[in-house]
Every structure is written in structure tokens, then in C-alpha cells.
Amino acid sequence: MKRNVIILGLLLAALVAVWVWDAPGKEPAGQITGGNVEGRAEGDIPVTPAPKENRYAPSFKLASLDGSTSYEVGGKRDKVLIINFWAAWCGPCEVEAPDLKDIYEQHKDKLDFYAVNATKYDKLREAKDFVKEQQLVFPVLTDAKGDVGDLYKVFSYPISFIIDRNGVIRHRIEGVIEREQWEIYLQEVINS
């Protein structure tokens, strides 16, 4: 009986900790991208970045898969941006890869696309083989330490973010979605 009370207490404490950590009004630490004294920026967007819809995208810089180039995210851009977190061992990532390739090829004049490999949990050789097999033509970045995945609260794969030209996350997409839904989301953001 005493053991059950202790277990129940620990479970309750864990639930409260998760609730407090991910509370809707909580402002996570991060780089401030602009705003005013009240903590709000354009269109009532909180200035503190967070990996949630209608929040500024957290800033990061990662190297490409071949190590020859670095890419940065954060702040205003000329084009809409899709960030896709994936791994070579992820079955759903393999299912969505052809759609993502087609989306990029169809809209590359209006959007940038960065595929972030979960290199901390993946093998670099398998990631390179995946890119070659899928014939991916957009930049593929490596998250060797898993810091960017943690920053974006990526706990499963694939997860994608559609970010507008002002650097605001407009859609967080967890898992695979139909191509038609991608087009709806993209048109909404591209035409805004």
C-alpha cells in the first residue's frame, strides 16, 4: 500500500512537471527576433521563438550532408521555408520522400526546403544512401548532436514545419500527410 502511494505520488509529480514545462503561456528561452516592450511582435506573435504554430521559428545553423555548406534558419527570408526532420531508418520518412521531392521541384521558385537528418540517431552512411536512393535535390542538413531536434521538440519522425517569409511557423506537421493537404498548407502560406 505504501509503495503504491509513492508510485502514485511520483506519477502525479511527473504529470505536473510535463504540464508546467509545456504550458501554453510559458515562454521558452531562446533568441528574441524582434518585438516591443509588451513581449509581442507583428500580428500579436510572441517574440520568443518556439516550435509551435504562430510563433517565430527558433534560429539554428547546420552543415549540409557533405559538409561543404552551412544553412541558417531564423528571421525574415525571401521565400517560404519547409524544414523536414527525418531519419534513414524511418519508414514513414521513406513514404513521404517522393511527395516532398515533388513539392520542392514544383514550388522551388517560391520556397526553400531543408531536410534535417537526425544524425545523432542515424548513421551518416545510411543517410547518404537514403538521399541518393530517393534522389533528393534540396539541401540535406545534419543534426549530429541532436540540438536542433531538441530545440524544435522533435520526438518522432517525420516532422515538418512550414515557415512564412517573416520567420513565423505557420504549420507543424507530425507524421505523413496527403499531398493535397501539403498543397493547401503551402498555398495558404505562399499567398499570404
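That block above? That's the structure.
Residues numbered from 1 in each chain as written. Predicted model: local features only at pLDDT ≥ 70, side-chain atom pairs only at ≥ 80, totals over all residues. Heavy atoms only, no water.

Draft legend 1. A look at the environment of K110. Here K110 lies in the loop between α2 (91–107) and β5 (111–117). Assessed through its relative accessible area of 37%, K110 is described here as partly exposed. Measuring from C-alpha to C-alpha, the distance between K110 and L186 comes to 9.8 Å, with 76 residues separating the pair along the chain. When neighbours within four sequence positions are excluded, K110 is seen to be in contact with K79, V80 and I190. (Helix = DSSP H or I, 4+ residues; strand = E, 2+ residues; numbered from the N terminus. Buried < 20%, exposed > 50% of the residue type's maximum accessible area, 1.4 Å probe, protein only. Contact = heavy atoms within 4.5 Å.)

Draft legend 2. Structural detail: the pairing of strand β8 (residues 168–174). With 5 of its 7 residues buried, β8 lies for the most part within the structure. Relative to β8, strand β1 (residues 55–56) runs antiparallel, the two being bridged by 2 bridges. Counterpart to R55 in the pairing with β8 is I169. Bridging between strand β7 (residues 159–163) and β8 involves 5 bridges; their strand directions are antiparallel. If you follow I159 over to β8, its bridge partner there is E174. What sits between β7 and β8 in their antiparallel hairpin is a turn of 4 residues, with G167 showing a positive phi close to 85 degrees. (Pairing = 2+ DSSP bridges.)

Draft legend 3. Up close: the pattern of salt bridges. The tally for this structure, following the rule as stated, stands at 6 salt bridges. Ionic pairing is found between R179 and D102, a salt bridge with its closest N-O pair at 3.9 Å. Pair noted here: R179 is in helix α5 (residues 179–190) and D102 is in helix α2, with a separation of 77 residues, a long-range link. Overall, the relative accessible area of 19% leaves R179 in the buried class. In this structure, E174 and R172 form a salt bridge, with 2.8 Å as the shortest nitrogen-oxygen distance. Through salt bridges that share partners, R77, K79 and D112 make up one connected network. (Salt bridge = Lys/Arg side-chain N within 4 Å of Asp/Glu carboxyl O.)

Draft legend 4. Inspection of the packing of α2 against helix α3 (residues 124–134) at higher detail. Relative orientation of the contacting elements α2 and α3 amounts to 50 degrees, with a least axis distance of 10 Å. The angle between α2 and α3 places the two elements in the oblique class. Helix-helix and strand crossings are classified by hand; for α2 and α3 the assignment is right-handed. Contacts between α2 and α3 involve C93, E94, A97, P98 and K101 on the former and, on the latter, F130, E133 and Q134. (Axes fitted to C-alpha atoms, helices over the stretch in contact; angles between N-to-C directions. Parallel < 35°, antiparallel > 145°, perpendicular 65-115°, else oblique. Left-handed = near helix turned anticlockwise from the far one by under 90°.)

Draft legend 5. A look at the side chain of S160. With respect to the helices and strands, the residue S160 is situated in strand β7. For S160, a relative accessible area of 1% gives the class buried. Other than its neighbours up to four places away in sequence, S160 contacts I83, N84, E96, H171, R172, I173 and W182.

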